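Next come the chains, spelled out residue by residue.
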Amino acid sequence: MVALDARPADVDAIPFGSILFPRAPGAIVEDVAEPDCFSDLRLDQVVAAIVGGRDEYHLEPFFRTPLRDLTAIAYRHDVFRDLEDPPLLAAVRAFAAGMRTVRHRLSRQASGHYRHEIERWHLNAVETYCETIVGLASALDDLQARSEGLAALRRYLASYRQSPPFLELLADARRVRADLDAIRFRLIVGGTRVRVSRYEDEPDYSEEVLATFDKFRQADTPAEPMWFDFSPGWMNHVEAAVLERVALLHPDVFAELDRFVDRHDHFLDDTVTRFDREIQFYLGYIDHMHRLTGRGLRFCYPRVSATSKAIRGREVFDLALAARRLADQAEPVVTNDFRLEPHQRVIVVTGPNQGGKTTFARTIGQLHHLAALGVPVPGTEADLSITDRIFTHFDREESLSDLAGKLEDELRRIRGILEATTPASLLIMNESFSSTTVRDALAIGERVLRQVIGLDCLCVAVTFLDELSRLGPTVVSMVSEVDSADPAVRTFKLSARPADGLAYAQAIADKHRLGYRTLKTRLPR
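Here is what the cut-offs are and how they apply
- For every chain, the first residue of its written sequence is number 1, and the numbers climb from 1 along that sequence.
- Given that the model is predicted, a residue must reach a pLDDT of at least 70 before its local features are reported, and side-chain atom pairs must reach 80 or more before they are shown or counted; all residues, however, enter totals for whole chains, interfaces and linings.
- Calculated side-chain values reflect all of the structure's heavy atoms, with hydrogen atoms and water omitted.
- Each helix corresponds to a stretch of at least 4 residues labelled H or I by DSSP, and each strand to a stretch of at least 2 residues labelled E; elements are numbered beginning at the N terminus.
- The classification of residues rests on relative accessible area computed with a 1.4 Å probe and restricted to protein chains. Under 20% of the type maximum is buried, over 50% is exposed, and intermediate values are partly exposed.
- In this description, contact between two residues means that some pair of their heavy atoms is separated by no more than 4.5 Å.
- To define a nonpolar core, start from buried Ala, Val, Leu, Ile, Met, Phe, Trp, Tyr and Cys residues and group those joined through side-chain atoms within 4.5 Å.
- Definitions used for this entry: grid spacing 1 Å over protein atoms alone; cavity, a set of points where a 1.4 Å probe fits but cannot get out; pocket, an open set with protein on both sides within 12 Å along at least 5 of 7 lines; lining residue, one with an atom within 4 Å of a point.
- Grid points are joined across faces, edges and corners, and a volume is the space filled by probe spheres set on the points.
- Residues are sorted three ways: Asp, Glu, Lys and Arg are charged, Ala, Val, Leu, Ile, Met, Phe, Trp, Tyr, Cys and Pro are nonpolar, and all the rest, Gly among them, are polar.
- Here, a salt bridge means any Lys or Arg side-chain nitrogen found within 4 Å of an Asp or Glu carboxyl oxygen.
- The patches reported here contain residues having more than 30% relative accessible area and no salt bridge. Joining distances are 9 Å for like charges and 5 Å for nonpolar side chains (Val, Leu, Ile, Met, Phe, Trp, Tyr).
- Using a 1.4 Å probe, the Shrake-Rupley method yields the accessible areas, and only the shown protein chains count as cover for residues.
- Orientation is described by lines fitted to C-alpha atoms, with helices fitted over the stretch in contact, and by angles between N-to-C directions that extend from 0 to 180 degrees.
- Should an angle fall under 35 degrees it is called roughly parallel, over 145 degrees roughly antiparallel, and 65 to 115 degrees roughly perpendicular, with every other angle called oblique.
- With the far helix as reference, a near helix turned anticlockwise by less than a right angle produces a left-handed crossing, and one turned clockwise produces a right-handed crossing.
- Pairing between two strands is assigned when DSSP locates at least 2 bridges connecting them.
- The predictor's confidence in any single residue is recorded as pLDDT, a number from 0 to 100.
- Any Phe, Tyr or Trp ring, taking Trp's six-membered ring, that has another such ring centre within 6.5 Å forms a pair; planes under 30 degrees apart are called stacked, those over 60 apart edge-to-face, and the others tilted.
- The length a helix should cover is 1.5 Å for every residue beyond the first.
- Arc, as used here, means the arc of the directions from the helix axis to the C-beta atoms.

(A) A look at the overall build of the protein chain. Along the protein chain, the regular secondary structure elements total 18 helices and 14 strands. Sorting the 525 residues of the protein chain into buried and exposed places 48% on the buried side. Within the protein chain, counting contacts between residues at least 6 apart in sequence, those at least 24 apart form 76% of the total.

(B) How the structure looks around the nonpolar core. Membership of the largest hydrophobic core comes to 117 residues, with the highest contact counts inside it found for L83, Y129, Y285 and F338. Look past the residues within four positions of L83 in its chain and what remains in contact with it is L88, L89, V92, L150, I279, Y282 and I286. If you look at the next biggest cluster of nonpolar residues, it comprises 22 residues, including V346, M429, C457 and L468.

(C) Highlighting the layout of surface pockets. Looking at the second largest pocket, its volume works out to about 480 Å³. G355, G356, K357, T358 and T359 are, among the 25 residues lining the second largest pocket, the residues nearest its centre. For the lining of the second largest pocket, the elements supplying multiple residues, two or more each, are α13 (319–328), α14 (357–373) and β14 (486–496). Here the lining of the second largest pocket gets six residues from one element, more than from any other, and that element is α14. Class assignment of the residues belonging to the lining of the second largest pocket gives a composition of ten nonpolar, nine polar and six charged.

(D) The arrangement of the pattern of salt bridges in detail. If you walk through the whole model with that rule in mind, you get 31 salt bridges. Residue R115 pairs with D258 through a salt bridge whose shortest N-O separation is 2.3 Å. Of this pair, R115 sits in helix α6 (residues 115–142) while D258 sits in helix α11 (residues 251–263); the two residues are 143 residues apart in sequence, bridging distant segments of the chain. Of the residues examined, D258 reaches a relative accessible area of 18% and is grouped as buried.

(E) Representation of a nonpolar patch on the surface in the model. A grouping of Y205, V209, F213 and F216 is seen on the molecular surface, where their side chains present a nonpolar patch of about 460 Å² in accessible area. Its location among the elements puts V209 in helix α9 (residues 206–212).

(F) Highlighting the packing of helix α12 (residues 270–293) against α13. Relative orientation of the contacting elements α12 and α13 amounts to 60°, with a least axis distance of 10 Å. Between α12 and α13, the interaxial angle falls into the category oblique. Crossing geometry of α12 relative to α13 is assigned as left-handed. Between α12 and α13, the contacting residues are Y285, H288, R291 and L292 on the first element and L319, A322, A323 and L326 on the second. Here the residues of the contact of α12 with α13 sort into six nonpolar, one polar and one charged.

(G) Fine view of the pairing of strand β6 (residues 336–339). Here β6 shows one buried face, formed by N336 and F338, and one open face, formed by D337 and R339. As judged from the three bridges shared by strand β5 (residues 312–316) and β6, these two strands associate in the antiparallel manner. Each residue of the ladder has a partner; that of R312, found in β6, is R339.

(H) Inspection of the sheet that holds β6 at higher detail. The mixed open sheet is built from four strands, whose spatial order is β4-β9-β5-β6. With one partner strand each, in any of the chains shown, β4 (303–305) and β6 form the two edges of the open sheet. Averaged over all neighbouring strand pairs, the angle between strand axes comes to 20°, with direction disregarded. Strands β4, β5, β6 and β9 (381–385) of the sheet are contacted by α14, whose axis makes an angle of about 70° with β6.

(I) How the structure looks around the environment of A158. With respect to the helices, strands and loops of the structure, A158 is situated in helix α7 (residues 148–161). Between the alpha carbons of A158 and S138 there is a distance of 8.3 Å; along the sequence they are 20 residues apart.

(J) Fine view of unusual backbone geometry. Phi at R42 takes a positive value of approximately 60°, unusual for a residue other than glycine. Overall, the relative accessible area of 24% leaves R42 in the partly exposed class. Of note, F433 is a non-glycine position whose phi angle comes to about 65°, a positive value. Among the residues examined, F433 registers a relative accessible area of 1% and is labelled buried.

(K) Representation of the confidence of the model for the protein chain within the structure. Confidence along the protein chain averages 87 in pLDDT terms, with 88% of residues attaining 70 or more. Note on residues 1–11: pLDDT is under 50 here. Beyond four places in sequence and across chains, it has 29 contacts. Low pLDDT, under 50, characterises residues 225–230; the stretch is placed with twelve contacts to residues that sit more than four places away or in other chains.

(L) The arrangement of the pairing of strand β10 (residues 390–394) in detail. Of all five residues that make up β10, five are buried, and the element is covered over most of its length. What you see with β10 is no split at all: I390, T392 and F394 on one side and F391 and H393 on the other are buried throughout. Here β10 pairs with strand β11 (residues 426–430) via five bridges, running parallel. Each bridged residue has a counterpart across the sheet, and for F391 the counterpart in β11 is L427.

(M) A look at the packing of aromatic side chains. In this structure the tally under the stated criterion is 13 aromatic pairs. With centroids separated by 5.4 Å and ring planes inclined at 65°, the aromatic side chains of Y129 and F267 adopt a geometry described as edge-to-face. With Y129 in helix α6 and F267 in the loop between α11 and α12, the pair connects residues that are 138 residues apart, well separated along the chain. Relative accessible area serves as the criterion here: at 8%, F267 is assigned to the buried category. Ring geometry for F281 versus Y282: centroids 5.5 Å apart, planes at 85°, classification edge-to-face.

(N) Broad picture of empty space enclosed by the protein. Enumeration according to the criterion identifies five cavities of 30 Å³ or more in this entry. One number sums up the size of the largest cavity: a volume of about 90 Å³. Forming the walls of the largest cavity are M429, E431, S432, F433, A441, G445, L449, A461, V462, T463, L465 and L468. Only α16 (438–455) and β12 (458–462) provide two or more residues apiece to the lining of the largest cavity. Looking at the lining of the largest cavity, the element that brings in the most residues is α16, giving three residues. Looking at the lining of the largest cavity, its residues break down into eight nonpolar, three polar and one charged.

(O) Spotlight on helix α15 (residues 406–420). Taking 1.5 Å per residue, 15 residues should reach 21 Å; α15 reaches 22 Å between its end C-alpha atoms and fits that length. For α15, the full list of buried residues reads E410, R413, I414, I417 and L418. Projected down its long axis, α15 carries its buried residues within an arc of 135°, all on one side. Turned more than 90 degrees from where α15 packs its buried face, R412, R415 and E419 sit exposed. Looking at the packing, one finds that the buried side of α15 touches β10, β11 and α16.

In structure tokens:
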């Protein structure tokens, strides 16, 4: 295993292109279909929870694209570690909020109806953009970002904020804003007529008006000066007509506003815009983690290997189930441990129904996908393997439109999976071939698992057939436990021990309504 926590010695010389992909400015992820395994592993629910409220960033492709490069995974781990520093995280959040305001103002510009209103939205967007850039650049200069990604961003912003185009943009925006703020005019309203003229140092009657009505003012309401508000977004047709006449009184100022918009029509920097989108990958995941860690659950940085298949985890849990239970304030989330030694490849999970077996299998799949995204994983410790693909073979409802039977469909699916599986793959099987007889299910299951063992890939198989847990030294048996005082109570904890032969008996009893819980309700007390 290789611990991914080493900082490159030449980090200060690395240019910035992407906060997600090291040294790969051209690595653009856009149209990526949802992997086939997502639904079975409930990763679709996990991603939906993470990206919720961030639709404008189109983050789903990032969470559907696992990394195969250990360096890229380490790159993301280091950024996450930097963002554990509250001041640095706050600075990044402030940047993201500023850029969201910029986009909002540009959208208002695009939907504006009046010329000067549209131009003012553009000026406001530029001002906010410049403030946002300067704010993040200053924060990164003051804070100690150790990751390659954020260190390279700091150098990029330091250079960008001193570049002639940015300095010109900032200076022009300040000059035009100052000229607009300096405008004063006189407004006379008489009946339905409004007259606009130059301000000639006439007395300001606003103080007298406020003093007259001061006795009617609420004690906790501050006295505000009176002014005519031409703020963009609040302009109606009367205000627009007034402003047109103000522009006629100050043609030079408004001509400069016209030229400013023309000169700086496309002011957004491509690298900054890309960072604005990509940093949401981190912020979304951090926010999701905080919702769970606030309830006592823990995350860790996994040790990831591209060569070793010895995997283990401590206090791991199903991320989708945890979020749902905490949201519903249901029973606490149960965590589990697992381990495969270097010579072992397959975990066979047995035990009573509704005992957490499928949840455990999903957890193993989730962990490997999340590890390949370069994000912290649910648990206190994890050693995981980089997989080229995660396959799932879960029980499916029989379709009336499918002329083939359920067993035939299962066999076709597992054949396609085995043909595509490589030694670097992970296969999650859940109650496969349970639609046939025990004898046939055992024969098929044994043949499939022996082929899996021959492929030398990692596999987790949930089954009621205890015999499959004894296929050889590469197979580890795990059993879901019940309460020792009441066998009908599931603990949802799994332990590594030989199967006890009760799983199928429990399945048969439940099938014929002879299980402990059923009998307890049927028999008279």
